[in-house]
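# Architecture at a glance
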Amino acid sequence: MTVQDIPDPPSTGTARRGEFAELYRRVAQAGLLRRRPLYYAGRSAALLAALAGLLAGFTALGASWWQLGLAPLFALVLGQLALLGHDVAHRAVFADRRTTDLVGIVLGNLVVGMSYGWWVDDHNRHHAHPNREGQDPAADSLLFARTAQQAERTRGLRRFVARHQAALFFPLLSLQALGLLVATGLTLTRGTVRHPALERTLAVLHYAVAAALTVLVLSPLQALAFTALFGALFGVYLGCIFAPNHKGMPMTGPGAERTDYLRRQVLPSRNLRAGRFVHFLFGGLGLQIEHHLFPAMPVAALRPASRIVRAYCAEIGVPYAEAGLTACFREILRDLRAVGRSVPARPEAAAAAKSTAPAEAAR
């Protein structure tokens, strides 16, 4: 049930298999694959203390519109706890599977309110085939069309959204929390996870406590406003963390030839060039290339590992993508806009264009 933490052996050529083996040797020799229990103990204690403080402040403040000022803080702390759960699932914290699953379920279902089992399955497939249509769930998103072929298949409201997805980018991200809630509800209703009873119990407890707190402390209108604001900010926060990693980067068609492990992880990934505070907000995932190459690597080791990986990629001639925060989102919006422009206003227009193309070519 844990996210894959040991890279698949590359399948393309002896030389390329040796390339990743050599990189792995250099990173391991630098001591960057060792677990950091003290780091994660401190991080966990700080985040849980922050959550407890917010809950105490929420109950003390009572039925006040000033509670809306706490919504961004709740979104930030719960987002950080979700990122901690991400590291747990990758076995960056615990070596054994049973402890990993138990802590992951507590963090995911009870604290964040998201099905751990569903997320792990989804994330496993992403790590195995990043930016590959038909195999990476993040590349086949319901919210965004990543290629012209995906955009052509849209209909109705989905087609309108695809045409205007660049302008709608941030509003659509606000729906991410709702999407997680729906996915969690469907998954736990069907019981398609490893520990369905435990996941159901903890998820129900999460939402029961959250509902009781908002209803008992706030007026109905305040509760509705607080829940809507928190959900939107939580979705935008999570969306902005994950979007720079792969959106706007090369996509692979479903029928494309499988490449070696190193290139499969590096080429569709982008690192965020930023300071320590921004990397803190991103939970370390701004160093996406290193995370994809070494999923079980503790967050604290990603920055020193990036120096080794960047130099090694230059040595073997593999492109290593980096961009600043503003440039990242500029590239994402440019790519979404280009895909959106490929969508005709009506399906009939696309059919007409296709039917006239052979005649135009004959001329």
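Per an unreviewed UniProt entry, the protein chain goes by Acyl-CoA desaturase and derives from Kitasatospora xanthocidica.

Per the stated rule, a full pass over the model turns up 14 aromatic pairs. Ring geometry for F58 versus F226: centroids 5.3 Å apart, planes at 55°, classification tilted. Taken together, the positions of F58 in helix α2 (residues 37-61) and F226 in helix α11 (residues 220-246) put the pair 168 residues apart, joining distant regions of the chain. Each member of the pair, F58 as well as F226, is classed as buried. On the basis of an interplanar angle of 35° and a centroid distance of 6.0 Å, the ring pair of F170 and F329 is categorised as tilted.

Checked against the element boundaries, A138 lands in the loop between α5 (116-128) and α6 (148-152). Given a relative accessible area of 36%, A138 falls into the partly exposed group. A138 sits 39 residues away from A177 along the chain, and the two C-alpha atoms are 15 Å apart. Apart from the residues within four sequence positions on either side, A138 is in contact with H126 and R146.

The next point concerns the UniProt feature "transmembrane region" (unreviewed entry) in the protein chain. With numbering aligned to this structure, UniProt lists the feature "transmembrane region" (unreviewed entry) at residues 44-63, 69-89, 101-119, 166-189, 201-218 and 224-243. Secondary structure across residues 69-89 comprises 90% helix and 0% strand; the distance between its end C-alpha atoms is 31 Å. The annotated region residues 201-218 carries 94% helix and 0% strand content, and the separation between its end C-alpha atoms amounts to 25 Å.

Between the first and last C-alpha of helix α10 (residues 196-217) there are 31 Å, a value that for 22 residues agrees with the 32 Å anticipated at 1.5 Å per step. Within the sequence span of α10, burial applies to E199, L202, A203, H206, T214 and V217. Taken end-on, α10 shows its buried residues confined to a sector of 105°, consistent with a single buried face. The exposed residues of α10 that point more than 90 degrees off its buried face are A197, T201, V204, V215 and L216. Turning to α10, the residues buried within the fold contact α2, α4 (97-112), α5, α9 (176-190) and α11.

Moving on to the pattern of salt bridges. Oppositely charged side chains are able to pair whenever their charged atoms sit close together. If you walk through the whole model with that rule in mind, you get 11 salt bridges. Notably, a salt bridge pairs E315 with R26, separated by 3.1 Å at the nearest N-O pair. Residue E315 is located in helix α15 (residues 299-316), and its partner R26 is located in helix α1 (residues 14-29); the two are separated by 289 residues in the primary sequence. Using a relative accessible area of 51% as the deciding quantity, one classes E315 as exposed. The class of R26 is partly exposed, set by a relative accessible area of 26%. Salt-bridge contacts for R153 lead to E133; the nearest nitrogen and oxygen are separated by 3.7 Å. Here R153 is found in the loop between α6 and α7 (156-163), whereas its partner E133 is found in the loop between α5 and α6, with 20 residues between them in sequence. Exposure remark for R153: the relative accessible area of 55% places this residue in the exposed category. If you follow the salt bridges from partner to partner, you end up with E22, R25, R26 and E315 in one network.

Quick look at helix α16 (residues 325-341) now. With 17 residues, α16 extends 25 Å between its outermost C-alpha atoms, agreeing within 8% with the 24 Å of an ideal straight helix rising 1.5 Å per residue. C328, F329, I332, L333, L336, V339 and G340 are the residues of α16 that are buried. All buried residues of α16 lie within an arc of 125° about the axis, which places them on one face of the element. Pointing more than 90 degrees away from the buried face of α16 are the exposed residues T326 and R341. Looking at the buried residues of α16, the elements they touch are α6, α7, α8 (169-173), α11, β1 (271-273) and β2 (322-324).

A few words on the layout of surface pockets. Each pocket or cavity is described by its volume, and for the largest pocket that value is around 1,400 Å³. Mapped onto the lining of the largest pocket, the elements with two or more residues apiece are α3 (71-89), α4, α5, α9, α11 and α14 (288-293). Of the residues contributing to the lining of the largest pocket, the split by class is 25 nonpolar, 15 polar and six charged. Each pocket or cavity is described by its volume, and for the second largest pocket that value is around 900 Å³. Counting residues per element, the lining of the second largest pocket draws most heavily on α10, at eight residues. Looking at side-chain class alone, the lining of the second largest pocket contains 24 nonpolar, six polar and no charged residues.

Within the largest apolar cluster, 57 residues are counted, with the highest numbers of intra-cluster contacts made by L23, L81 and L293. Tallying contributions element by element places α3 first for this core, with 10 residues. Residues within four places of L23 in sequence aside, it is in contact with L262, L293, F294, I308, V309 and Y312. F144, A166, C240 and I332 belong to the second-largest nonpolar core, a separate cluster that totals 13 residues.

Reading guide: rules and limits
- Residues numbered from 1 in each chain as written.
- Predicted model: local features only at pLDDT ≥ 70, side-chain atom pairs only at ≥ 80, totals over all residues.
- Heavy atoms only, no water.
- Phe/Tyr/Trp six-rings, centres within 6.5 Å; stacked < 30°, edge-to-face > 60°.
- Helix = DSSP H or I, 4+ residues; strand = E, 2+ residues; numbered from the N terminus.
- Buried < 20%, exposed > 50% of the residue type's maximum accessible area, 1.4 Å probe, protein only.
- Contact = heavy atoms within 4.5 Å.
- UniProt positions renumbered as here; feature names shortened; annotations may be inferred.
- Expected span 1.5 Å × (residues − 1).
- Arc of directions from axis to C-beta.
- Salt bridge = Lys/Arg side-chain N within 4 Å of Asp/Glu carboxyl O.
- 1 Å grid on protein atoms, 1.4 Å probe; cavity = no way out; pocket = protein on both sides within 12 Å on 5 of 7 lines; lining within 4 Å.
- Points joined across faces, edges and corners; volume = space filled by probe spheres on them.
- Nonpolar A, V, L, I, M, F, W, Y, C, P; charged D, E, K, R; others polar.
- Core = buried A, V, L, I, M, F, W, Y, C linked by side-chain atoms within 4.5 Å.

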